[in-house]
Amino acid sequence: MQQLQVRSENRTLYDHASAAEFNDHRWQDKNSVARFKQLEALLEGLIAPSLLDEIGAGLSKVGMSIRLTPYIMSLIDWRNADTDPIRRQFLPMLSEQEADHPCLAVDSLGERETSPVPSLVHRYPDKVLFLVTSVCPVYCQYCTRSYAVGQDTLLVQKDHVTSARNWEAAFDYIRAHPEIEDIVISGGDVARLKPANIRLLGNTLLEIEHVRRLRFATKALSVQPMKFLSDDDWFQAIVEVVEYGRSMFKDVCVHTHFNHPNEITPLVEQAMRRLHNEGVYVRNQAVLLRGVNDDTDTLIKLFRGLGRMNIHPYYVYLCDMVMGTEHFRVPLSTAQELEKTVRGTTAGFNTPLFVVDAPGGGGKRDVHSAEFQEVEFGISGFRSPAVDPLRMYHYFDPLRSLGQAAREAWKMPGSKDQIMAKLGYQSRTATAVA
Ligand code: SF4
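Residues numbered from 1 in each chain as written. Predicted model: local features only at pLDDT ≥ 70, side-chain atom pairs only at ≥ 80, totals over all residues. Heavy atoms only, no water.

To continue, consider the domain arrangement of the chain. Split into domains, the chain comes out as domain 1 (11–95), domain 2 (111–364) and domain 3 (370–434). If you average the C-alpha positions of domain 1 and of domain 3, the two centres end up 38 Å apart. (Domains from an automatic or database assignment.)

Structure representation (structure tokens):
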């Protein structure tokens, strides 16, 4: 059987720290890189000054601030930093950025439009997204929720929608809506919540009779796995909520976020062994990112690696149409081809669904379910009858994938209205399609 190549972190950058320190979540938090000056001090002499300049210049053009744990810094191959798939996710370089497609937006999924009370997004009838914090152990440059997560950047001033002051109103809203069965507790990242708040959220929500399922969303498994090994109180809080849910015949699980097989390390295995021993079920939601995982070999290694960690590959998302992320995006047709190639290489239950989170709030749509795909201008249309039976949700391929004439047309002022009108595409269809 083919062996998975598991990389350990290379601790050269942190050889002054003992193993006990490095494996402690508090030391990781305290030594995280959150400012360019810290990055410069750490990498001086290790990478070319021009590369640091590239990163510094790139940071002035993006919607996400930076934050990297020492652990994730140690997974980056700094000798090949310009192409390293982990560096690319967390540290922008000016030369790899591309001018945004005019249809990119700060809140591309329209979450703020479907928020009945602050901190809650209610789109599907039986499910809500509960945004409980705006901070994460790391900041991903392609974050969908860049409108609210992380520090302000020159490009984006953040909304402050995740305050704990909003929680009571959110609980009341959920209590008043018996159709809500499913709650994603996210943000931000629940790894940044105090154990008492994990318990408060979990227990309060489970005690609402009609709530059947909770999912705690955290990327810490892939970027700070020691959180699950050294923060016993936090770990126990998660386990207690899972057990409380189990005692009520309700489902509580963890959703996490790995994008590349290099993120699967011996420490991840230790963390997963601990979760697995406690009967905590973990699903993965990956994002398809150009230059990170947009090739078949990488994806197959990722899904096999996750399967061996007992992490269930659940979704692969096309990168959302978020401002500042054009260089990460691939055309819909690439996602379709990758899905076809990947499916069948491992068991069906170990193969994720490749989806477009339909811009404007249509929810997850199978990449193969487009109603149409227009090639010249790179426009596809998706329907989402459970959300809005009369609406067509459009996804737009990255400009780089189009011919020159189409690229020029998109750059003209008012291009969206003109191109959509010329092609006869409307957001609202005349009638619901049966
Ligand atoms: S961990 Fe999730 S919420 Fe946090 S920056 Fe990354 S994608 Fe955004």
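All right, on to the site of the ligand then. All residues in the neighbourhood of the ligand are listed as Met 64, Cys 136, Val 138, Tyr 139, Cys 140, Cys 143, Gly 188, Lys 219 and His 257. By residue class, the composition of the shell around the ligand is six nonpolar, two polar and one charged. (Near = heavy atom within 4 Å. Nonpolar A, V, L, I, M, F, W, Y, C, P; charged D, E, K, R; others polar.)

Moving on, we get to helix α12 (residues 266–277). Taking 1.5 Å of rise per residue, twelve residues should cover 16 Å, and α12 covers 16 Å from first to last C-alpha, within 8% of that figure. All of the buried residues along α12 are Leu 267, Val 268, Ala 271, Met 272 and Leu 275. Buried residues along α12 cover an arc of 135° about the axis, so they all sit on one side. Opposite the buried face of α12, at more than 90 degrees from it, the exposed residues are Arg 273 and Asn 277. Residues of α12 that are buried in the fold lie against α5 (70–75), α9 (220–223), α10 (227–230), α11 (232–247), β6 (282–288) and β7 (311–318). (Helix = DSSP H or I, 4+ residues; strand = E, 2+ residues; numbered from the N terminus. Expected span 1.5 Å × (residues − 1). Buried < 20%, exposed > 50% of the residue type's maximum accessible area, 1.4 Å probe, protein only. Arc of directions from axis to C-beta. Contact = heavy atoms within 4.5 Å.)

Glancing now at the pattern of salt bridges. Counted according to the given criterion, the structure contains 24 salt bridges. Glu 98 serves as the salt-bridge partner of Arg 400, at 2.9 Å between the closest nitrogen and oxygen. Here Glu 98 lies in the loop between α6 (85–90) and β1 (120–122) and Arg 400 lies in the loop between β12 (388–396) and α15 (404–411), a separation of 302 residues in the sequence. The salt bridge involving Asp 231 is made with Lys 227; its shortest N-O contact spans 2.7 Å. Across this residue pair, the class does not change: Asp 231 and Lys 227 are buried. A network of salt bridges, in which partner residues are shared, links Asp 126, Glu 181, Asp 182, Arg 213 and Arg 215. (Salt bridge = Lys/Arg side-chain N within 4 Å of Asp/Glu carboxyl O.)

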